[in-house]
Structures are given as structure tokens and as C-alpha cells.
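Structure at a glance
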Amino acid sequence: MDKLKITGNGPLNGEITVSGAKNAALPLMCAALLTKDTLRLTNVPMLRDVKTTQKLLQGMGARVLTDNVHEFEINCGSLNNTCAPYELVKTMRASILVLGPTLAHFGEAQVSLPGGCAIGSRPVDQHLKGLEAMGAEIVIEHGYVKARAKRLKGAHIVMDMVTVTGTENLLMAAVLADGTTVLENAAMEPEVTDLADCLVKMGARIQGIGTPTLTIEGVERLSGTTHAVVPDRIEAGTFLCAVAMAGGKVVLRRAAPKTMQAVLDKLSEAGAIIEAGDDWIAIDMQQRPRAVDIRTLPYPAFPTDMQAQFMAMNAIAEGSGKVVETIFENRFMHVPELNRMGANISAEGNTAIVKGVAKLSGATVMATDLRASASLVIAGLVADGDTIVERIYHLDRGYENIEQKLGGVGAKIERIA
Ligand SMILES: CC(=O)N[C@H]1[C@@H](OP(=O)(O)OP(=O)(O)OC[C@H]2O[C@@H](n3ccc(=O)[nH]c3=O)[C@H](O)[C@@H]2O)O[C@H](CO)[C@@H](O)[C@@H]1O
Ligand SMILES: C=C(OP(=O)(O)O)C(=O)O
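This is a predicted model, so every value here is computed, not measured.

Basis of the calculations
Residues numbered from 1 in each chain as written. Chains lettered and ligands numbered in written order. Predicted model: local features only at pLDDT ≥ 70, side-chain atom pairs only at ≥ 80, totals over all residues. Helix = DSSP H or I, 4+ residues; strand = E, 2+ residues; numbered from the N terminus. Rg over C-alpha atoms; globule rule 2.2 N^0.38 Å. Buried ≥ 20, exposed ≤ 12 C-beta atoms within 10 Å, placed from the backbone. Pairing = 2+ DSSP bridges. Axes fitted to C-alpha atoms, helices over the stretch in contact; angles between N-to-C directions. Contact = placed C-beta atoms within 7 Å. Expected span 1.5 Å × (residues − 1). UniProt positions renumbered as here; feature names shortened; annotations may be inferred. Near = placed C-beta within 6 Å. Nonpolar A, V, L, I, M, F, W, Y, C, P; charged D, E, K, R; others polar. Domains from an automatic or database assignment.

Scanning the protein from terminus to terminus reveals 14 helices and 26 strands. Radius of gyration (C-alpha) of the protein: 21 Å, near the 22 Å computed for a compact globule of 417 residues. Along the first, second and third principal axes, the C-alpha set of the protein runs to 65 × 45 × 40 Å. Out of the 417 residues belonging to the protein, those deemed buried represent 51%.

Encoded structure:
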């Protein structure tokens, strides 16, 4: 299994191009299930999760053409199977995103229940509750969600909590429903907005995009379109943390600074000089970072997907920072691994206190989720000696060419097969 070897190598300088967002690309690929026409997506990141979604759609009978760089053409005109099997769902929870569009377009869907994962139990009750409110008959049998509805009906749905994929699933279901659906307490994440914008281009009628109340007037059919995936704010944030830790001056190209204000504010608070234009962000860091307090919350507040990376930054910062994780109940797996590298972090419940140390020391570490793995990679950039990050298939789920991108700005990082 591949590993990454990272050798602490001083400041980072140069430019990095940000990829399209994983968390936007996956629902957008599933949106192709809503039309018989071709959906053409550009700026798709080449990631393991994208390949898994491709396999999932192909297994259902979709035709998927890709240049294997960043473009996909997906046509679900001859879909012959409405099932998402356990073998694929277990490797990628986002597979649940086929449920809403498949049910809405084909009148039935079977999706393996995703189950828990390393960061939490992650139930999908809100997805199911919303679809039932729209008239779907749902049973759970043999580990599968089996849903049926001749045509979904518009409904007024108030979600119990802010759920990103829950909002996306119900939005994709509602666009083809009979009548008007109101989704309240909807997620406002930029990836939800990106999906909604693409659906509108396909002919959907959606009001309130980017707000917590989405009003969707169902239409009879949607058509194909071309859509560019929004830049990945989490990948961009990860690189900014790396520079905040290692020092240096880096410009991120093809970024979307408007989608990451909370993260940019925290980096400024840590002492980084941040400048940004429409599609670029420059970071200049010439000092040791100052520790910052963070509390994860739904967008536009600080994202849970950046919590581990900020924990790594706090680990070598001046002072101490309090990190509160309010989204997932088990998202501190990086704590013991960072401590193995010499960090001083104590965690209890959903709160971690990070006392900054002057230096980390390289070690062999591993993580069982994506962002935890990313935090270990950037910690390795500032540790003495070599850090070996094992089990990097997690990283490959969400980062495109991370070793080339960081290597391009001066990091010493290599993949060991
Ligand atoms: C593919 C994708 O976009 N993944 C993102 C998405 O995950 P995902 O959409 O799975 O996360 P949610 O926003 O749904 O989860 C938020 C919280 O709600 C809970 N919940 C959710 C649905 C539900 O039916 N019942 C329920 O209890 C979850 O367990 C969690 O505690 O948003 C998360 C929160 O920003 C991010 O960390 C993930 O990177
Ligand atoms: C938790 C994440 O992804 P997923 O929802 O795909 O597990 C993530 O991107 O950090």
C-alpha cells in the first residue's frame, strides 16, 4: 500500500493551482441521473471518490466519457439498474447521493445503507424523512434502503439539523417532483450552491439558493448542460495551513476566496498576511503562527473539514488554542498521531486544547480519515527528520496529486509504493 515520505524542508514558495471541489463534483455527477441528456462537467478533480462515482454510475448503466484530465460527459439515457451496491457504498459514503435523483427520475432506487465511518455514526435519517414526506415508500431490507414513488410530490420539509448531502439529495429529488417543495434549515455550503446553480442550468426552478430556505418548483424534465465544478475550498485551506506552518509566500490560483472567509480570517488571526482577488489567494508568512481558537459549525462558519489542519498548525504555534468540534462526534483521530510527533494536545469529548511546541519530530503515523491524514502530511513539513504517512488511500480520496502540488512549492515529499 502506498505511503508518503515527508522530510522537513523549510519555507514554501511559489504557486499552486487549486482543483475542483470533491464535495461539489460528487453530487454534480449524480445530478446526471436526473436527465436523459448528457451532463458535461469540467474542472472535475481526479480523485479516488470521483472514480468510485464513475464506477457506480457505470454499474447503473450510465455512459461516462472522460478525458481523464478534468472533464466528464455523463449520459444516463439508457440506465438499466437503479441499485448502488454495498461494495461501492462502503468505500464512499457520498454514494447515498444517487438515492434522490434516481428515485425522482426512475421511480425507484436501492442504495446500500452507508453505515458509520471513522469520524462518526453519520446516519441518513434526514434524507429518508424528507423523501418520505415527498411521498416515497421506503423500507430498509438486507442493509439496503429501498425506495419507490411513481412521482414524488412537493412537500414542506424542515430538516432537524443542517446536513450537506441531505440537502443535496432532497434538492435533487424535488426538482422533478410534482408541485413545490420548501426545504428549511437547508445547508448553505458552497458545494450545495454549486449543485443548485447547475440544476438551474438544467432547467430546474429553485429560489433561495445560498440561503437556509430553498423553494423548488418541480418540473417535468431536465436537460443537459455544461458546468464547471467550484474550486475546492478545503484543498486550498490545507495548502494555506501548510504555508502558515512552514513559512514562505505562496499564491493559490483558481481558488474561490469568497467561499472561505472563516478560514482566511483565522489564518490572519494566526499572523499570516492574506491577500485575495476573485480567483486567487496569496499568503505570506514570515513568523511562527499564533495559536487560534476554533469551533466547527455549518457554513459560513468554520468548516469541520479544516479542523484537523488547524490543529496541526496550532501544534507548532505560539501559545495555546482551543478546538471544539461540533459536527462529528469522533473527529479527533489525528490527536494521538500528532502527539506521537511531539505535539502537546489533550482532548476530552468534543474539545481539544493544543499547547504549541517549538518543534515536531518526524515519525511513522497513519490516520483513518481524509483530513486527519492531511493534517499529518502538513505536520511532516515542519517536523525534524522523516515522517512516513501510511494508509494514504484516504488522502487519495480527496487530494489530487498532493505530493506534486506541495513538491512544486519546495516541500520534500515522495510517494513510496
Ligand atoms: C461528500 C460531502 O459533501 N461530504 C461532506 C458532508 O458530509 P455529510 O453530508 O455526510 O455531512 P452532514 O452535513 O450530513 O452531517 C452533519 C451532521 O448531521 C448528522 N446527520 C446528517 C444527516 C442525517 O440524516 N442525520 C444526521 O444525524 C451527521 O451525523 C453529522 O453529525 O458535509 C460534512 C459537514 O460539512 C463534511 O464534513 C463532508 O466533507
Ligand atoms: C468527511 C469528508 O468526506 P466524506 O463526506 O466523503 O467522508 C471530507 O471531505 O473531509
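Following the structure, the description resumes.
We now examine the sheet that holds strand 14 (residues 225-228). Spatial ordering of the open sheet is given by 4-5-3-14, a layout of four strands whose pairing is mixed. Each edge of the sheet is formed by a strand with only one pairing partner; in this case those strands are strand 4 (63-66) and strand 14. Put simply, the sheet's adjacent strands are angled 15° from each other on average, direction ignored. The strands touched by helix 1 (residues 22-31) within the sheet are strand 3 (38-42), strand 5 (72-75) and strand 14, with strand 3 carrying the most contacts at an inclination of about 165°.

What follows deals with helix 2 (residues 48-59). With 12 residues, helix 2 should cover 16 Å at 1.5 Å per step; its first-to-last C-alpha distance of 16 Å lies within 8% of that length. Contact partners of the buried residues in helix 2: helix 1, strand 4, strand 5, strand 6 (83-84), helix 3 (86-89) and helix 13 (393-398). Backbone geometry just after helix 2 places glycine 61 at a positive phi near 105°.

The sites that UniProt annotates as "active site" (unreviewed entry) are Cys117. Residue placement: cysteine 117 occurs in the loop between strand 7 (108-112) and helix 5 (125-133). Residue class for cysteine 117 comes out partly exposed when judged on the 15 C-beta atoms lying within 10 Å of it. In contact with cysteine 117, not counting residues within four places along its chain, are Arg93 and Arg122.

Near ligand 2 you find Asn23, Arg93, Ala94, Asp305, Leu370, Arg371 and Gly398, and these make up its full shell. Here the residues of the shell around ligand 2 are counted per class, giving two nonpolar, two polar and three charged. In terms of domain composition, the shell around ligand 2 takes at least three residues from each of domain 1 (3-19 + 231-416) and domain 2 (22-228).

Taken together, 20 residues lie around ligand 1, and Asn23, Gln126, Thr163, Val164 and Thr165 are the ones closest in. Residue assignment for the shell around ligand 1 shows that the elements contributing at least two residues are helix 1, helix 5 and helix 6 (164-174). Its residues assigned to classes, the shell around ligand 1 comprises eight nonpolar, eight polar and four charged. Built from parts of two domains, the shell around ligand 1 gets at least three residues from each of domain 1 (3-19 + 231-416) and domain 2 (22-228).

This brings us to the environment of isoleucine 327. Looking at the element boundaries, isoleucine 327 is found in the loop between strand 19 (320-324) and helix 11 (334-340). Along the primary structure isoleucine 327 and valine 162 are separated by 165 residues, whereas in three dimensions their C-alpha atoms are 9.5 Å apart. In this structure isoleucine 327 touches Thr296 and Thr304, once residues within four positions along its chain are discounted.

Turning to unusual backbone geometry, a few remarks are in order. Note that the residue after tyrosine 299, namely proline 300, is joined by a cis bond; omega there is 15°. Secondary-structure assignment places proline 300 in the loop between strand 18 (294-295) and helix 10 (307-315). Phi at asparagine 401 takes a positive value of approximately 50°, unusual for a residue other than glycine. By the secondary structure assignment, asparagine 401 is in the loop between helix 13 and helix 14 (402-407).

When strand 6 meets strand 7, the two strands line up parallel, connected through two bridges. Looking across to strand 7, one finds that cysteine 83 is bridged to glutamine 110. Direction of pairing for strand 7 relative to strand 9 (residues 144-148): antiparallel, over a ladder of five bridges. Counterpart to serine 112 in the pairing with strand 9 is tyrosine 144.

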